[in-house]
Amino acid sequence: MADIVEAKYIWKNGTLIPWAEATTHVLSHALHYGTAVFEGIRCYQTETGSAVFRLRDHMKRFLSSARMINMELPYRHEELVEAALETIRSNGFASCYIRPIAYRGYGAVGVNPRSAPIDVAIAVWPWDAYLGDTALAEGIAVGISSWRQRSVNATPGAIKSSASYLNSGLANMEAQDHGYGEAVLLNELGYVAEGSGENIFTVRDGIVATPPLSDGILAGLTRDSVMQIARDLGYTVLEKSLVRTDLYQADEVFFTGTAAELTPINSVDHRAIGKPGPITLKLQGRFFAAATGRLSEYAEWLDVV
Ligand code: PPE
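Attention here is on the structure that accompanies the text.

1. Considerations on the side chain of T263
As for its placement among the helices and strands, T263 is situated in strand β15 (residues 261–268). Of the polar contacts made by the side chain of T263, one reaches the backbone oxygen of A260; its length is 2.6 Å. Those residues within four positions of T263 in sequence are excluded, and the remaining contacts are L131, A135, L136, I140, F254 and F255.

2. Here we look at helix α8 (residues 278–291)
With 14 residues, α8 extends 20 Å from end C-alpha to end C-alpha; this agrees with the ideal 20 Å at 1.5 Å per step. Residues I279, T280, L283, Q284, F287, F288, A289, A290 and A291 constitute the buried set of α8.

3. Details of the site of the ligand
Of all residues adjacent to the ligand, which total 23 residues, the nearest are Y97, Y130, Y165, T222 and T258. Taking R61, its side chain carries an N or O atom lying 2.8 Å from an oxygen atom of the ligand. Contact between the ligand and T222: an oxygen atom at 2.5 Å from a side-chain N or O atom of the residue. When the ligand is considered free in solution it has 550 Å² of accessible area, and contact with the protein chains removes 94% of it. Counting residues per element, the ones that place at least two in the shell around the ligand are α2 (55–68), β6 (96–104), α6 (221–232) and β14 (252–257). Considered class by class, the residues forming the shell around the ligand number 7 nonpolar, 10 polar and 6 charged. Shared between two domains, the shell around the ligand holds at least three residues of each, these being domain 1 (9–125) and domain 2 (135–291).

4. A closer look at the nonpolar core
In terms of nonpolar packing, the biggest core is built from 56 residues, with M59, L73 and I98 touching the most fellow members. Both domains that furnish three or more residues to this core are identified here as domain 1 (9–125) and domain 2 (135–291). Setting aside chain neighbours within four positions, we find M59 in contact with I41, H77, L80, V81, A84, P100 and I122. One finds V226, V237, L262 and F288 within the second-largest nonpolar core, a separate group that totals 26 residues.

5. Focus on unusual backbone geometry
Unusually for a residue other than glycine, R54 sits at a positive phi of about 55°. Mapped onto the elements, R54 comes out in the loop between β5 (49–53) and α2. A positive phi angle is found at E261, which is not glycine, with a value near 55°. Structurally, the position occupied by E261 is in strand β15. On the basis of relative accessibility, which here comes to 6%, the residue E261 falls in the buried class.

6. Points about the packing of α6 against α8
In the contact formed by α6 and α8, the axes pass within 10 Å of each other and the chain directions differ by 115°. It follows from the interaxial angle that α6 and α8 lie roughly perpendicular. The interaxial crossing formed by α6 with α8 has right-handed handedness. Each of T222, V226, I229 and A230 in α6 lies in contact with α8, whose residues at this interface are L283, R286, F287 and A290. In terms of residue class, the contact of α6 with α8 is built from 6 nonpolar, 1 polar and 1 charged.

Parameters and conventions
- Residues numbered from 1 in each chain as written.
- Predicted model: local features only at pLDDT ≥ 70, side-chain atom pairs only at ≥ 80, totals over all residues.
- Heavy atoms only, no water.
- Helix = DSSP H or I, 4+ residues; strand = E, 2+ residues; numbered from the N terminus.
- Polar contact = N/O pair within 3.5 Å; in protein donor to acceptor, adjacent residues only side chain to side chain.
- Contact = heavy atoms within 4.5 Å.
- Expected span 1.5 Å × (residues − 1).
- Buried < 20%, exposed > 50% of the residue type's maximum accessible area, 1.4 Å probe, protein only.
- Near = heavy atom within 4 Å.
- Areas by Shrake-Rupley, 256 points an atom, 1.4 Å probe, with all protein chains shown as cover.
- Nonpolar A, V, L, I, M, F, W, Y, C, P; charged D, E, K, R; others polar.
- Domains from an automatic or database assignment.
- Core = buried A, V, L, I, M, F, W, Y, C linked by side-chain atoms within 4.5 Å.
- Axes fitted to C-alpha atoms, helices over the stretch in contact; angles between N-to-C directions.
- Parallel < 35°, antiparallel > 145°, perpendicular 65-115°, else oblique.
- Left-handed = near helix turned anticlockwise from the far one by under 90°.

This is how it looks when you write it as structure tokens:
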């Protein structure tokens with residue numbers, strides 16, 4: 001969706017190395033079999049310096065994804081947190097996107113990854129609005145994908161594995177081919193799951209709803225933050241299975257994600273939802289205020305760089 005913007009350094013296996021040297025062999029296991037897990041995190045500029053949004057929770061999810069694919073990372077949580085901060089500092093960005101990745105490297109062929117080494121890297125680069133320049137203010141059109149969400153007993157959505165993102169790529173390419181800004185995937189049972197790289201919410205009659213984790217989605221940290229913000233504002237927030245027509249009938253629909261932040265959805269399958277609604281805009285405003293350190297009640301979500 002975006003071309004890479006190069007930075008100076010990448011953290012790899014414990015040290016900062018020049019961006020151009022962060023390469024890997026073509027026979028790396030992960031390249032052939034998808035044996036990698038990753039994270040996406042954002043660092044925002046705040047009034048008191050740069051700060052990373054929910055860094056500790058992202059690194060927890062990173063370790064948990066790794067463990068679920070039988071990869072014990074050779075770094076502790078605290079070391080990964082510090083490595084991310086060090087990578088940002090060394091590159092001098094006031095705001096950026098952070099991409100930790102752990103993968104099975106060079107040294108084994110065949111599907112069983114266990115004899116391949118575990119490599120861990122953290123890259124950072126500037127990444128603007130994920131779904132286009134007008135997306136945050138005006139919203140985007142989405143379409144239900146003909147591809148189904150990866151199944152909970154195949155490549156579970158709860159594991160942020162590289163393998164899972166072929167599914168996302170297929171859905172996103174199809175959506176763009178059909179003129180939509182993004183895809184919405186239904187799970188194997190036909191319930192609304194998520195976007196190719198976002199969680200999804202509806203608002204109807206003032207009630208905020210989002211699919212439960214058991215519908216096979218990623219436990220999004222933006223989703224979690226927005227649910228908390230909505231509850232703190234006094235809204236009822238339900239985690240409940242949604243069907244396609246729940247999206248058609250909603251007063252408001254929006255996506256959440258680290259890259260997508262809080263992106264309004266203005267139509268689903270060409271059924272108009274309309275301009276970003278009042279609750280969407282209120283939550284979006286509070287989300288950005290929290291992420292940029294303007295709300296003291298959410299200060300614990302930020303780690304100063
Ligand atoms: N679902 C999926 C499938 C997903 O990839 C993301 C993040 C989310 C939900 C939202 O999770 P969270 O970021 O914790 O709120 N997608 C990441 C990757 C995007 C990419 O294209 O790369 C992201 O937003 O960083």
